[in-house]
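A look at the structure
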Amino acid sequence: MQRIFSSLKQAFRKSLFAFSLISLISLSALFIFTAGPSLAAAPIQSQPTIEKGIDNANQGAVNRAEAYEKAVKAVDEQGLEKVYEKNLEKYEETQPDTGIIKEAKQLIEKVTGQE
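Note that the structure is predicted; figures quoted are calculated from it, not measured.

Quick notes on the overall build of the protein
- Summing up its helical and strand segments, the protein has five helices and zero strands in all.
- Helices (α) and strands (β) of the protein occur, in sequence order from the N terminus, as α-α-α-α-α.
- Buried positions account for 1% of the 115 residues belonging to the protein.
- Of the roughly 11,000 Å² that the protein leaves accessible, carbon and sulfur atoms contribute 63%.

Side note on a nonpolar patch on the surface
- A cluster of nonpolar side chains, contributed by Met1, Ile4, Phe5 and Leu8, occupies part of the molecular surface with about 480 Å² of accessible area.
- One can find Phe5 in helix α1 (residues 2–33).
- Given a relative accessible area of 53%, Phe5 falls into the exposed group.

Section: a negative patch on the surface
- A cluster of acidic residues, Glu81, Glu85, Glu89, Glu92 and Glu93, forms a negative patch on the protein surface.
- In this fold, Glu81 is placed in helix α4 (residues 80–94).
- Classification of Glu81 as exposed rests on a relative accessible area of 55%.

A few points about helix α5 (residues 100–112)
- Its 13 residues place the ends of α5 18 Å apart at the C-alpha level, agreeing with the 18 Å of an ideal helix rising 1.5 Å per residue.
- Along α5, only zero of the 13 residues are buried, which leaves the element largely exposed.
- Once α5 finishes, Gly113 follows within two positions and takes phi at roughly 80 degrees, a positive value.

Observations regarding the confidence of the model for the protein
- Residues of the protein with pLDDT of at least 70 account for 70%, and the chain-wide mean is 75.
- Across the protein, the element-wise mean pLDDT spans from 53 in helix α2 (residues 35–40) up to 87 in α1.
- Throughout residues 46–50 the model reports pLDDT below 50, and contacts reaching past four residues in sequence, or to other chains, amount to zero contacts.

Parameters at a glance
Residues numbered from 1 in each chain as written. Predicted model: local features only at pLDDT ≥ 70, side-chain atom pairs only at ≥ 80, totals over all residues. Heavy atoms only, no water. Helix = DSSP H or I, 4+ residues; strand = E, 2+ residues; numbered from the N terminus. Buried < 20%, exposed > 50% of the residue type's maximum accessible area, 1.4 Å probe, protein only. Areas by Shrake-Rupley, 256 points an atom, 1.4 Å probe, with all protein chains shown as cover. Patch = residues over 30% accessible without salt bridge, like charges linked within 9 Å, V, L, I, M, F, W, Y side chains within 5 Å. Salt bridge = Lys/Arg side-chain N within 4 Å of Asp/Glu carboxyl O. Lys, Arg positive; Asp, Glu negative; His and termini not counted. Charge placed at Lys NZ, Arg CZ, Asp CG, Glu CD. Expected span 1.5 Å × (residues − 1). pLDDT = per-residue confidence, 0-100. Contact = heavy atoms within 4.5 Å.

In structure tokens form, the structure reads like this:
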């Protein structure tokens, strides 16, 4: 009787050990293989935002093209030197203190007698 219980006990342990190994392997497979394919599918809600981004990029390209055309017209109508001088005046209005560069120009003008 004791032999039968010991053999049943041993069989129960082996089956419990095999069942636990199989469950651990299947559980680990769930965590490993589920992350990959789920990232491949794109949700439908994200597609309109991609289209909006493309529309914004197209609009930016149109704005750049318009700015380029305005610059070309300004150069054709006024000449390159006049446009440069106008831009330089605007820059000097926004940046009144140029420091060493302005002082060096004044010193050169003084030395050469152009003042």
